[in-house]
Amino acid sequence: MELELCKETYSCYEALPPLVETREQSTETIVPDYCPDIARIVEGSGCLFVRSREIADGRVSVSGSLRVTLLYIADGSGGLKSFSYTLPVEETLDGRLREGCTEASVSGCVSALEVRALNPRKIMTRAAVELTVTPYCAAQLTACGDVTQRAENGIETLCETQEVSIIKALRSKDFVFSDDLVLSSSKEPAAELLRESASVRTTECRLIGGKIILKGVVCVEVLYLSESGTICSAAAELPFSQIVEGVEDADENTSAEAMLCLTGAELRIGGESGDARTISAKLFLHAFVVLRQRLCLRCITDLYSTSCDLSAQMQTLELCGGVETVTQEQNVREQIETGVEVSAVLCAEVHFGSVSLVQEESTANVRCTAILRVLYLDEGGAPLMVERRTEVAARIAVPEGCTAAVRSVTACEVSAAATANGIEVDLCLTERTGLLVRFRSRSRLVELVQLFNHKKDHKCHNQEIDHFGDEQTVADRGSHSLCFLESGIVLTIQRDEFVGEINATGQKAERRHDDIFNERFDKAVESTADDNADSEIDHVAL
(Lines give C-alpha, C1' and ligand atoms only; values in the text may rest on other atoms or scores of the structure.)
Protein backbone atom coordinates (compact mmCIF):
# COMPACT_ATOMS: atom_id res chain seq x y z
CA MET A 1 0.00 0.00 0.00
CA GLU A 2 1.04 3.61 -0.45
CA LEU A 3 1.74 5.48 2.76
CA GLU A 4 0.14 8.85 3.27
CA LEU A 5 2.77 11.57 3.42
CA CYS A 6 2.37 14.88 5.24
CA LYS A 7 3.06 17.41 2.50
CA GLU A 8 3.12 21.20 2.43
CA THR A 9 2.35 22.89 -0.87
CA TYR A 10 3.10 26.54 -1.61
CA SER A 11 1.68 28.39 -4.60
CA CYS A 12 4.33 30.62 -6.17
CA TYR A 13 5.72 31.95 -9.41
CA GLU A 14 8.68 30.88 -11.48
CA ALA A 15 10.78 33.54 -13.24
CA LEU A 16 12.18 32.28 -16.51
CA PRO A 17 15.46 33.51 -18.03
CA PRO A 18 15.04 36.98 -19.61
CA LEU A 19 14.40 37.23 -23.34
CA VAL A 20 16.32 40.01 -25.07
CA GLU A 21 15.28 41.27 -28.48
CA THR A 22 16.75 44.16 -30.48
CA ARG A 23 14.52 45.85 -33.01
CA GLU A 24 16.02 48.04 -35.72
CA GLN A 25 14.04 50.30 -37.99
CA SER A 26 14.61 53.07 -40.52
CA THR A 27 12.09 55.67 -41.56
CA GLU A 28 11.87 58.90 -43.51
CA THR A 29 10.09 61.89 -41.99
CA ILE A 30 8.91 65.12 -43.55
CA VAL A 31 9.68 68.31 -41.63
CA PRO A 32 6.38 69.79 -40.36
CA ASP A 33 5.03 72.78 -42.25
CA TYR A 34 5.30 75.07 -39.23
CA CYS A 35 9.07 74.45 -38.98
CA PRO A 36 11.69 76.24 -41.09
CA ASP A 37 14.06 74.36 -43.39
CA ILE A 38 17.02 72.45 -41.98
CA ALA A 39 20.46 73.98 -42.51
CA ARG A 40 22.40 71.73 -40.08
CA ILE A 41 21.38 68.98 -37.66
CA VAL A 42 22.76 69.50 -34.16
CA GLU A 43 21.38 66.48 -32.33
CA GLY A 44 18.77 63.75 -32.45
CA SER A 45 17.68 62.22 -29.12
CA GLY A 46 15.10 59.59 -28.26
CA CYS A 47 12.92 58.60 -25.30
CA LEU A 48 11.37 55.12 -25.19
CA PHE A 49 7.89 54.50 -23.77
CA VAL A 50 6.73 50.90 -23.25
CA ARG A 51 2.95 51.11 -22.97
CA SER A 52 1.62 47.55 -22.94
CA ARG A 53 2.51 43.87 -22.93
CA GLU A 54 0.21 40.97 -23.75
CA ILE A 55 0.80 37.25 -23.26
CA ALA A 56 -1.24 34.66 -25.18
CA ASP A 57 -0.65 31.29 -26.86
CA GLY A 58 3.04 31.08 -26.00
CA ARG A 59 3.99 34.51 -27.26
CA VAL A 60 4.38 37.96 -25.75
CA SER A 61 3.56 41.14 -27.64
CA VAL A 62 5.10 44.45 -26.57
CA SER A 63 3.94 47.82 -27.86
CA GLY A 64 5.18 51.32 -27.24
CA SER A 65 6.74 54.27 -28.98
CA LEU A 66 10.05 56.03 -29.48
CA ARG A 67 9.74 59.79 -29.32
CA VAL A 68 12.57 61.45 -31.24
CA THR A 69 13.44 65.13 -30.81
CA LEU A 70 15.53 66.79 -33.49
CA LEU A 71 17.58 69.92 -32.72
CA TYR A 72 18.75 71.79 -35.81
CA ILE A 73 19.93 75.15 -37.11
CA ALA A 74 17.26 76.73 -39.22
CA ASP A 75 18.07 77.86 -42.74
CA GLY A 76 18.32 81.63 -43.17
CA SER A 77 17.81 82.80 -39.60
CA GLY A 78 20.52 80.55 -38.12
CA GLY A 79 18.53 80.08 -34.91
CA LEU A 80 18.18 76.83 -32.99
CA LYS A 81 14.89 75.04 -33.67
CA SER A 82 13.41 71.67 -32.80
CA PHE A 83 10.50 69.37 -33.48
CA SER A 84 9.48 65.93 -32.22
CA TYR A 85 8.04 62.91 -33.97
CA THR A 86 7.07 59.42 -32.87
CA LEU A 87 8.16 56.02 -34.17
CA PRO A 88 5.99 53.02 -33.24
CA VAL A 89 7.62 50.12 -31.38
CA GLU A 90 5.88 46.78 -31.88
CA GLU A 91 7.59 43.48 -31.08
CA THR A 92 6.25 39.92 -30.77
CA LEU A 93 8.30 37.09 -29.29
CA ASP A 94 6.54 34.10 -30.79
CA GLY A 95 6.98 30.56 -29.47
CA ARG A 96 9.60 31.53 -26.92
CA LEU A 97 7.46 31.32 -23.80
CA ARG A 98 6.86 28.21 -21.76
CA GLU A 99 3.26 27.05 -21.51
CA GLY A 100 1.55 28.56 -18.50
CA CYS A 101 3.29 31.94 -18.53
CA THR A 102 0.79 34.60 -17.50
CA GLU A 103 2.89 37.60 -16.43
CA ALA A 104 5.97 39.42 -17.69
CA SER A 105 8.04 42.45 -16.81
CA VAL A 106 9.38 44.54 -19.69
CA SER A 107 12.20 47.06 -19.82
CA GLY A 108 13.92 48.71 -22.75
CA CYS A 109 16.53 51.18 -23.91
CA VAL A 110 17.56 52.99 -27.07
CA SER A 111 20.82 51.30 -28.04
CA ALA A 112 21.46 53.39 -31.18
CA LEU A 113 19.96 56.46 -32.85
CA GLU A 114 21.07 58.31 -35.98
CA VAL A 115 19.30 61.18 -37.73
CA ARG A 116 20.54 62.76 -40.95
CA ALA A 117 19.06 65.25 -43.43
CA LEU A 118 18.16 64.00 -46.90
CA ASN A 119 17.20 67.51 -47.93
CA PRO A 120 16.06 70.67 -46.10
CA ARG A 121 12.53 69.20 -45.71
CA LYS A 122 13.17 65.48 -45.19
CA ILE A 123 15.19 63.45 -42.66
CA MET A 124 16.20 59.79 -42.32
CA THR A 125 16.06 58.16 -38.87
CA ARG A 126 17.71 54.88 -37.94
CA ALA A 127 17.00 53.53 -34.47
CA ALA A 128 17.72 50.35 -32.53
CA VAL A 129 15.60 49.54 -29.49
CA GLU A 130 16.54 46.76 -27.06
CA LEU A 131 13.69 45.11 -25.17
CA THR A 132 14.14 42.75 -22.21
CA VAL A 133 11.18 40.54 -21.27
CA THR A 134 11.19 38.43 -18.09
CA PRO A 135 8.29 35.93 -18.17
CA TYR A 136 6.68 34.46 -15.04
CA CYS A 137 4.79 31.17 -14.74
CA ALA A 138 2.53 29.95 -11.96
CA ALA A 139 4.15 27.07 -10.06
CA GLN A 140 3.91 25.02 -6.89
CA LEU A 141 6.56 24.01 -4.38
CA THR A 142 5.78 20.80 -2.45
CA ALA A 143 7.81 19.36 0.42
CA CYS A 144 7.16 16.17 2.41
CA GLY A 145 7.82 16.73 6.10
CA ASP A 146 6.44 13.59 7.80
CA VAL A 147 4.80 10.18 7.34
CA THR A 148 1.53 9.00 8.86
CA GLN A 149 1.22 5.60 10.59
CA ARG A 150 4.80 5.72 11.77
CA ALA A 151 4.49 3.68 14.96
CA GLU A 152 2.40 0.78 13.64
CA ASN A 153 4.77 0.29 10.70
CA GLY A 154 8.03 0.85 12.59
CA ILE A 155 9.04 3.77 10.37
CA GLU A 156 11.95 6.04 11.26
CA THR A 157 12.86 9.17 9.31
CA LEU A 158 15.80 11.52 8.81
CA CYS A 159 14.81 15.15 8.13
CA GLU A 160 16.53 18.37 7.11
CA THR A 161 15.40 22.00 7.41
CA GLN A 162 16.33 24.49 4.71
CA GLU A 163 15.54 28.20 4.38
CA VAL A 164 14.40 29.10 0.88
CA SER A 165 12.75 32.02 -0.90
CA ILE A 166 9.82 31.93 -3.29
CA ILE A 167 8.01 34.49 -5.41
CA LYS A 168 4.75 34.68 -3.52
CA ALA A 169 2.89 37.17 -5.70
CA LEU A 170 3.21 39.63 -8.58
CA ARG A 171 1.56 43.02 -8.67
CA SER A 172 1.42 45.75 -11.31
CA LYS A 173 -0.07 49.22 -11.46
CA ASP A 174 -0.30 52.04 -13.98
CA PHE A 175 -0.43 55.52 -12.51
CA VAL A 176 -0.03 59.20 -13.43
CA PHE A 177 2.27 61.57 -11.58
CA SER A 178 2.24 65.35 -11.97
CA ASP A 179 4.60 67.95 -10.56
CA ASP A 180 6.28 71.24 -11.47
CA LEU A 181 9.89 72.01 -12.29
CA VAL A 182 10.45 75.54 -10.98
CA LEU A 183 13.32 77.49 -12.51
CA SER A 184 15.69 79.13 -10.06
CA SER A 185 15.93 82.89 -9.83
CA SER A 186 19.33 82.78 -11.53
CA LYS A 187 17.79 81.35 -14.74
CA GLU A 188 15.83 83.29 -17.32
CA PRO A 189 12.12 82.51 -17.79
CA ALA A 190 11.29 79.96 -20.50
CA ALA A 191 9.66 80.95 -23.77
CA GLU A 192 9.98 77.76 -25.84
CA LEU A 193 10.88 74.16 -24.98
CA LEU A 194 13.48 72.73 -27.33
CA ARG A 195 14.03 69.30 -25.83
CA GLU A 196 12.98 67.36 -22.75
CA SER A 197 13.97 64.01 -21.28
CA ALA A 198 12.87 61.98 -18.28
CA SER A 199 14.05 58.88 -16.44
CA VAL A 200 12.71 57.11 -13.36
CA ARG A 201 14.22 55.07 -10.54
CA THR A 202 12.97 53.41 -7.35
CA THR A 203 14.19 54.74 -4.01
CA GLU A 204 12.11 52.62 -1.63
CA CYS A 205 9.74 49.67 -1.78
CA ARG A 206 8.43 48.08 1.41
CA LEU A 207 5.41 46.36 2.89
CA ILE A 208 3.25 47.88 5.58
CA GLY A 209 0.45 45.56 6.51
CA GLY A 210 -1.06 44.34 3.26
CA LYS A 211 0.01 47.41 1.28
CA ILE A 212 3.13 48.08 -0.79
CA ILE A 213 4.60 51.55 -0.24
CA LEU A 214 6.47 52.54 -3.38
CA LYS A 215 8.66 55.64 -3.58
CA GLY A 216 10.81 56.94 -6.40
CA VAL A 217 12.06 59.96 -8.31
CA VAL A 218 11.64 61.14 -11.88
CA CYS A 219 14.70 62.95 -13.23
CA VAL A 220 13.55 65.65 -15.66
CA GLU A 221 15.88 67.66 -17.89
CA VAL A 222 14.81 70.43 -20.26
CA LEU A 223 16.53 72.58 -22.85
CA TYR A 224 14.70 75.79 -23.66
CA LEU A 225 14.89 79.22 -25.27
CA SER A 226 14.48 82.12 -22.91
CA GLU A 227 12.41 85.21 -23.64
CA SER A 228 15.61 86.93 -24.76
CA GLY A 229 16.50 84.07 -27.16
CA THR A 230 19.24 82.58 -24.95
CA ILE A 231 19.65 78.78 -24.90
CA CYS A 232 19.23 77.54 -21.31
CA SER A 233 18.90 74.23 -19.51
CA ALA A 234 17.37 73.06 -16.25
CA ALA A 235 17.05 69.78 -14.36
CA ALA A 236 15.26 68.52 -11.28
CA GLU A 237 14.41 65.33 -9.41
CA LEU A 238 10.67 65.08 -8.76
CA PRO A 239 9.81 62.67 -5.93
CA PHE A 240 6.62 60.60 -5.88
CA SER A 241 4.97 57.87 -3.82
CA GLN A 242 2.31 55.28 -4.58
CA ILE A 243 0.36 52.62 -2.71
CA VAL A 244 0.06 49.24 -4.45
CA GLU A 245 -2.14 46.41 -3.26
CA GLY A 246 -0.02 43.68 -1.66
CA VAL A 247 -1.02 40.44 0.05
CA GLU A 248 -3.15 40.08 3.17
CA ASP A 249 -0.94 37.49 4.89
CA ALA A 250 2.33 39.43 4.47
CA ASP A 251 4.67 39.13 7.47
CA GLU A 252 8.26 40.00 8.37
CA ASN A 253 9.47 37.26 6.02
CA THR A 254 7.84 38.93 3.01
CA SER A 255 9.71 41.55 0.97
CA ALA A 256 8.92 43.58 -2.14
CA GLU A 257 10.95 44.87 -5.06
CA ALA A 258 9.63 47.21 -7.75
CA MET A 259 10.63 47.85 -11.36
CA LEU A 260 9.46 51.13 -12.90
CA CYS A 261 9.20 52.24 -16.51
CA LEU A 262 7.86 55.32 -18.27
CA THR A 263 4.82 54.88 -20.49
CA GLY A 264 4.44 58.54 -21.43
CA ALA A 265 5.49 62.12 -20.60
CA GLU A 266 4.02 65.58 -21.22
CA LEU A 267 5.88 68.81 -20.40
CA ARG A 268 4.78 72.37 -21.03
CA ILE A 269 5.66 75.87 -19.90
CA GLY A 270 3.50 77.68 -17.39
CA GLY A 271 1.19 74.95 -16.19
CA GLU A 272 -2.05 76.13 -14.59
CA SER A 273 -0.45 79.30 -13.21
CA GLY A 274 0.97 80.45 -16.55
CA ASP A 275 4.25 81.37 -14.86
CA ALA A 276 7.14 81.24 -17.36
CA ARG A 277 9.43 80.05 -14.56
CA THR A 278 7.33 76.93 -14.09
CA ILE A 279 7.50 73.85 -16.32
CA SER A 280 4.62 71.48 -15.67
CA ALA A 281 5.35 67.76 -15.98
CA LYS A 282 2.75 65.02 -16.35
CA LEU A 283 4.33 61.57 -16.31
CA PHE A 284 2.75 58.18 -16.96
CA LEU A 285 4.41 55.24 -15.21
CA HIS A 286 4.05 51.47 -14.84
CA ALA A 287 5.15 49.65 -11.69
CA PHE A 288 5.83 45.89 -11.61
CA VAL A 289 6.30 44.54 -8.09
CA VAL A 290 7.69 41.14 -7.11
CA LEU A 291 6.76 39.89 -3.62
CA ARG A 292 9.13 37.31 -2.13
CA GLN A 293 8.65 35.18 0.94
CA ARG A 294 11.28 33.31 2.94
CA LEU A 295 10.26 29.83 4.09
CA CYS A 296 11.74 27.17 6.35
CA LEU A 297 11.10 23.80 4.70
CA ARG A 298 11.26 20.58 6.71
CA CYS A 299 11.85 17.69 4.34
CA ILE A 300 12.34 13.94 4.80
CA THR A 301 15.66 12.94 3.28
CA ASP A 302 15.64 9.26 4.30
CA LEU A 303 13.49 6.64 6.02
CA TYR A 304 13.28 2.92 6.72
CA SER A 305 11.06 0.44 8.55
CA THR A 306 12.14 -2.05 11.19
CA SER A 307 9.13 -4.29 10.62
CA CYS A 308 8.06 -4.05 6.94
CA ASP A 309 9.53 -3.99 3.48
CA LEU A 310 9.16 -0.64 1.76
CA SER A 311 10.24 1.17 -1.39
CA ALA A 312 10.78 4.93 -1.54
CA GLN A 313 10.65 7.16 -4.61
CA MET A 314 13.11 10.03 -4.14
CA GLN A 315 13.62 13.43 -5.71
CA THR A 316 16.90 15.35 -5.77
CA LEU A 317 16.61 19.07 -4.99
CA GLU A 318 19.20 21.81 -5.14
CA LEU A 319 17.82 24.33 -2.69
CA CYS A 320 18.69 28.02 -2.96
CA GLY A 321 18.22 30.99 -0.70
CA GLY A 322 16.95 34.49 -1.42
CA VAL A 323 18.14 37.44 -3.45
CA GLU A 324 20.24 40.16 -1.92
CA THR A 325 20.72 43.43 -3.79
CA VAL A 326 24.15 45.03 -3.61
CA THR A 327 24.41 48.70 -4.57
CA GLN A 328 27.81 50.09 -5.44
CA GLU A 329 28.68 53.61 -6.52
CA GLN A 330 31.70 54.75 -8.47
CA ASN A 331 32.88 58.00 -10.03
CA VAL A 332 34.04 58.19 -13.64
CA ARG A 333 35.81 61.18 -15.17
CA GLU A 334 36.12 61.49 -18.92
CA GLN A 335 37.93 64.15 -20.98
CA ILE A 336 36.30 64.86 -24.36
CA GLU A 337 38.23 66.79 -26.98
CA THR A 338 36.05 69.05 -29.13
CA GLY A 339 38.59 70.60 -31.52
CA VAL A 340 37.09 74.04 -30.92
CA GLU A 341 37.00 76.39 -27.98
CA VAL A 342 34.02 75.77 -25.72
CA SER A 343 32.34 78.92 -24.43
CA ALA A 344 29.55 77.21 -22.48
CA VAL A 345 28.19 73.73 -21.76
CA LEU A 346 24.43 73.61 -22.14
CA CYS A 347 23.66 70.09 -20.93
CA ALA A 348 25.15 66.61 -20.59
CA GLU A 349 23.52 63.19 -20.46
CA VAL A 350 24.55 59.56 -20.42
CA HIS A 351 22.89 56.41 -21.75
CA PHE A 352 24.00 52.86 -21.12
CA GLY A 353 24.17 50.00 -23.59
CA SER A 354 24.01 46.29 -22.83
CA VAL A 355 25.55 45.21 -19.53
CA SER A 356 27.68 42.09 -19.23
CA LEU A 357 28.82 40.24 -16.13
CA VAL A 358 31.54 37.62 -15.75
CA GLN A 359 31.79 35.88 -12.39
CA GLU A 360 35.13 34.49 -11.27
CA GLU A 361 35.01 32.75 -7.90
CA SER A 362 34.48 35.53 -5.34
CA THR A 363 34.37 38.45 -7.81
CA ALA A 364 31.86 39.62 -10.40
CA ASN A 365 33.21 41.82 -13.19
CA VAL A 366 30.55 44.18 -14.58
CA ARG A 367 31.13 45.96 -17.88
CA CYS A 368 28.93 48.22 -19.97
CA THR A 369 29.18 50.94 -22.60
CA ALA A 370 28.36 54.47 -21.47
CA ILE A 371 27.32 56.85 -24.24
CA LEU A 372 28.13 60.44 -23.24
CA ARG A 373 26.42 63.28 -25.09
CA VAL A 374 27.23 66.93 -24.39
CA LEU A 375 25.54 69.92 -25.99
CA TYR A 376 27.70 73.07 -25.94
CA LEU A 377 28.33 76.43 -27.55
CA ASP A 378 31.51 77.20 -29.45
CA GLU A 379 33.37 80.50 -29.25
CA GLY A 380 30.99 82.04 -31.77
CA GLY A 381 27.88 80.94 -29.85
CA ALA A 382 26.92 78.21 -32.33
CA PRO A 383 25.36 75.10 -30.70
CA LEU A 384 27.26 71.87 -31.22
CA MET A 385 26.97 68.32 -29.90
CA VAL A 386 29.77 65.88 -29.11
CA GLU A 387 29.36 62.19 -28.35
CA ARG A 388 31.80 59.79 -26.71
CA ARG A 389 31.48 56.08 -26.01
CA THR A 390 33.46 54.76 -23.09
CA GLU A 391 33.70 51.40 -21.36
CA VAL A 392 32.76 51.37 -17.68
CA ALA A 393 33.95 48.49 -15.50
CA ALA A 394 33.30 47.57 -11.89
CA ARG A 395 34.32 44.71 -9.61
CA ILE A 396 31.82 43.46 -7.06
CA ALA A 397 32.63 41.05 -4.23
CA VAL A 398 30.45 37.93 -4.32
CA PRO A 399 30.13 35.81 -1.17
CA GLU A 400 30.80 32.09 -1.40
CA GLY A 401 27.83 30.10 -2.67
CA CYS A 402 26.24 33.02 -4.53
CA THR A 403 25.56 33.71 -8.18
CA ALA A 404 25.50 37.34 -9.34
CA ALA A 405 23.43 39.04 -12.05
CA VAL A 406 23.21 42.73 -12.90
CA ARG A 407 19.95 44.46 -12.10
CA SER A 408 20.73 47.92 -13.47
CA VAL A 409 23.38 50.57 -14.06
CA THR A 410 22.22 54.15 -13.62
CA ALA A 411 23.80 57.58 -13.44
CA CYS A 412 22.91 59.48 -10.27
CA GLU A 413 24.75 62.64 -11.27
CA VAL A 414 26.14 63.92 -14.57
CA SER A 415 28.08 67.17 -14.77
CA ALA A 416 30.22 68.72 -17.47
CA ALA A 417 32.49 71.74 -17.59
CA ALA A 418 34.54 73.46 -20.28
CA THR A 419 38.34 73.02 -20.16
CA ALA A 420 41.21 74.27 -22.24
CA ASN A 421 41.18 71.07 -24.33
CA GLY A 422 37.47 70.52 -24.58
CA ILE A 423 34.93 69.24 -22.03
CA GLU A 424 35.43 67.30 -18.82
CA VAL A 425 32.52 65.07 -17.81
CA ASP A 426 32.05 63.66 -14.29
CA LEU A 427 29.70 60.74 -13.71
CA CYS A 428 28.45 59.24 -10.48
CA LEU A 429 27.30 55.72 -11.40
CA THR A 430 25.28 53.24 -9.37
CA GLU A 431 25.44 49.53 -10.09
CA ARG A 432 22.68 47.38 -8.60
CA THR A 433 23.59 43.71 -8.58
CA GLY A 434 21.40 40.86 -7.40
CA LEU A 435 23.15 38.08 -5.53
CA LEU A 436 21.43 34.71 -5.77
CA VAL A 437 22.28 32.59 -2.71
CA ARG A 438 22.57 28.92 -3.66
CA PHE A 439 23.08 25.99 -1.30
CA ARG A 440 25.80 23.85 -2.80
CA SER A 441 24.69 20.66 -1.06
CA ARG A 442 21.99 18.59 -2.73
CA SER A 443 19.26 16.87 -0.77
CA ARG A 444 17.51 13.65 -1.70
CA LEU A 445 13.94 14.05 -0.52
CA VAL A 446 11.24 11.40 -0.16
CA GLU A 447 8.45 11.85 -2.69
CA LEU A 448 6.49 8.56 -2.56
CA VAL A 449 6.59 5.57 -0.18
CA GLN A 450 5.20 2.10 -0.96
CA LEU A 451 4.72 -0.27 2.03
CA PHE A 452 4.33 -4.00 1.35
CA ASN A 453 1.51 -5.80 3.18
CA HIS A 454 3.61 -8.71 4.45
CA LYS A 455 5.89 -8.46 7.47
CA LYS A 456 9.61 -9.07 7.24
CA ASP A 457 10.86 -12.67 7.24
CA HIS A 458 12.15 -13.27 10.77
CA LYS A 459 14.47 -16.00 9.47
CA CYS A 460 16.63 -13.12 8.33
CA HIS A 461 16.91 -11.84 11.87
CA ASN A 462 20.66 -12.50 12.11
CA GLN A 463 21.48 -10.91 8.75
CA GLU A 464 23.02 -7.48 8.44
CA ILE A 465 20.74 -4.69 7.32
CA ASP A 466 21.91 -3.75 3.84
CA HIS A 467 22.66 -0.11 3.15
CA PHE A 468 20.18 1.52 0.79
CA GLY A 469 23.08 2.47 -1.44
CA ASP A 470 24.10 -1.22 -1.76
CA GLU A 471 20.67 -2.55 -2.75
CA GLN A 472 19.10 0.41 -4.55
CA THR A 473 18.05 0.22 -8.17
CA VAL A 474 17.44 3.18 -10.41
CA ALA A 475 14.55 3.45 -12.84
CA ASP A 476 14.44 6.02 -15.63
CA ARG A 477 17.90 7.41 -14.79
CA GLY A 478 18.70 10.76 -16.37
CA SER A 479 15.11 11.95 -16.62
CA HIS A 480 15.16 15.59 -15.52
CA SER A 481 12.36 18.04 -14.88
CA LEU A 482 12.49 21.62 -13.70
CA CYS A 483 10.51 21.97 -10.51
CA PHE A 484 11.10 25.60 -9.64
CA LEU A 485 13.10 28.51 -10.99
CA GLU A 486 12.66 32.08 -9.80
CA SER A 487 14.49 35.24 -8.93
CA GLY A 488 16.34 33.99 -5.91
CA ILE A 489 15.35 30.30 -5.91
CA VAL A 490 16.23 27.38 -8.06
CA LEU A 491 14.91 23.91 -7.29
CA THR A 492 16.08 21.36 -9.84
CA ILE A 493 14.53 17.92 -9.65
CA GLN A 494 16.08 14.80 -11.09
CA ARG A 495 13.40 12.15 -10.86
CA ASP A 496 14.90 8.72 -10.17
CA GLU A 497 13.10 5.84 -8.46
CA PHE A 498 15.00 4.04 -5.73
CA VAL A 499 13.91 0.72 -4.27
CA GLY A 500 15.62 -0.28 -1.04
CA GLU A 501 15.40 -3.81 0.41
CA ILE A 502 15.48 -4.27 4.18
CA ASN A 503 16.38 -7.89 4.97
CA ALA A 504 16.40 -8.03 8.73
CA THR A 505 14.19 -7.07 11.65
CA GLY A 506 14.20 -7.21 15.40
CA GLN A 507 16.78 -6.19 17.93
CA LYS A 508 19.69 -6.12 15.51
CA ALA A 509 17.93 -3.58 13.32
CA GLU A 510 17.12 -1.48 16.34
CA ARG A 511 20.74 -1.54 17.55
CA ARG A 512 21.94 -0.33 14.16
CA HIS A 513 19.36 2.47 13.86
CA ASP A 514 21.72 5.36 14.65
CA ASP A 515 24.66 3.79 12.82
CA ILE A 516 22.66 3.53 9.58
CA PHE A 517 21.66 7.17 9.60
CA ASN A 518 25.16 8.37 10.50
CA GLU A 519 26.74 6.27 7.77
CA ARG A 520 24.29 7.44 5.10
CA PHE A 521 24.55 11.09 6.12
CA ASP A 522 28.37 10.95 5.96
CA LYS A 523 28.20 9.43 2.48
CA ALA A 524 25.82 12.16 1.33
CA VAL A 525 28.23 14.86 2.54
CA GLU A 526 31.20 13.16 0.89
CA SER A 527 29.41 12.95 -2.47
CA THR A 528 28.36 16.62 -2.49
CA ALA A 529 31.18 17.73 -4.78
CA ASP A 530 30.36 15.07 -7.38
CA ASP A 531 26.66 15.84 -7.20
CA ASN A 532 27.25 19.56 -7.67
CA ALA A 533 29.11 18.93 -10.89
CA ASP A 534 25.91 17.44 -12.30
CA SER A 535 23.62 20.19 -11.03
CA GLU A 536 25.00 23.37 -12.54
CA ILE A 537 22.29 25.83 -13.57
CA ASP A 538 22.98 27.70 -16.77
CA HIS A 539 20.34 30.44 -16.65
CA VAL A 540 19.23 32.37 -13.61
CA ALA A 541 16.67 35.17 -13.65
CA LEU A 542 16.94 37.70 -10.85
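Quick caveat: nothing in here was measured; it's all calculated off a predicted structure.

Right, let's get into the environment of Arg-51. Mapped onto the elements, Arg-51 comes out in strand E3 (residues 38-56). Note: C-alpha distance between Arg-51 and Thr-263 (212 residues apart in sequence) is 4.9 Å. Setting aside anything within four residues of it in sequence, one finds Arg-51 in contact with Ser-63, Gly-64, Ser-65 and Thr-263. Only 3.2 Å separates the side chain of Arg-51 from the backbone oxygen of Thr-263, close enough to count as a polar contact.

The next point concerns the sheet that holds strand E17 (residues 383-397). Spatially, three strands are ordered E15-E16-E17 in an open sheet, and the strand pairing comes out antiparallel. For this open sheet the edge positions go to strand E15 (342-360) and E17, each flanked by a neighbour on one side alone. Across the sheet, the mean angle separating the axes of adjacent strands is 15° when strand polarity is ignored. As defined by bridge partners, E15 adjoins strand E16 (residues 363-378) across 15 bridges and the pair is classed as antiparallel. Each residue of the ladder has a partner; that of Leu-357, found in E16, is Val-366.

Once that is clear, we can look at the environment of Val-176. Assignment of secondary structure puts Val-176 in strand E8 (residues 155-182). A residue is classified by how much of its surface remains accessible, and Val-176, at 45% relative accessible area, is partly exposed. Residues Val-176 and Phe-284 lie 108 residues apart in sequence; the distance between their C-alpha atoms is 4.6 Å. Once you skip the residues sitting within four places of it in the chain, Val-176 turns out to touch Lys-282, Leu-283 and Phe-284.

Glancing now at the pattern of salt bridges. The full count for this structure, using the stated rule, is 21 salt bridges. Note that Arg-195 is salt-bridged to Glu-43, the shortest N-O span being 2.7 Å. Of the two residues, Arg-195 is situated in strand E9 (residues 190-208) and Glu-43 in strand E3; the sequence distance between them amounts to 152 residues. This pair shows no difference in class: Arg-195 is buried, exactly as Glu-43 is. One connected set of salt bridges, linked through shared partners, spans Glu-43, Arg-195, Glu-349, Arg-373, Glu-387 and Arg-389.

Here we take up the sheet that holds E9. Within a sheet, adjacent strands bond to each other through the backbone by hydrogen bonds, running parallel or antiparallel. The strand order E9-E10-E11 describes an open sheet built from three strands, whose pairing is antiparallel. A strand with exactly one partner marks an edge of an open sheet, and here the two such strands are E9 and strand E11 (231-245). Between one strand axis and the next, the sheet turns through 15° on average, direction left out of account.

Our focus in this paragraph is the nonpolar core. Counting 37 residues, the largest nonpolar core has Val-218, Leu-283 and Leu-285 as its most contacted members. Counting only elements with at least two residues in this core, the list comes to E3, E8, E9, strand E10 (211-226), E11, strand E12 (254-270) and strand E13 (275-305). The element that contributes the greatest number of residues to this core is E13, accounting for seven residues. In contact with Val-218, not counting residues within four places along its chain, are Phe-177, Ala-198, Ser-199, Val-200, Ala-236, Glu-237, Leu-238, Phe-240, Leu-283 and Leu-285. One finds Leu-16, Ile-38, Ala-127 and Val-129 within the second-largest nonpolar core, a separate group that totals 31 residues.

What counts as what
Residues numbered from 1 in each chain as written. Predicted model: local features only at pLDDT ≥ 70, side-chain atom pairs only at ≥ 80, totals over all residues. Heavy atoms only, no water. Helix = DSSP H or I, 4+ residues; strand = E, 2+ residues; numbered from the N terminus. Contact = heavy atoms within 4.5 Å. Polar contact = N/O pair within 3.5 Å; in protein donor to acceptor, adjacent residues only side chain to side chain. Pairing = 2+ DSSP bridges. Axes fitted to C-alpha atoms, helices over the stretch in contact; angles between N-to-C directions. Buried < 20%, exposed > 50% of the residue type's maximum accessible area, 1.4 Å probe, protein only. Salt bridge = Lys/Arg side-chain N within 4 Å of Asp/Glu carboxyl O. Core = buried A, V, L, I, M, F, W, Y, C linked by side-chain atoms within 4.5 Å.

Keep in mind these numbers describe shape, not what the thing actually does.
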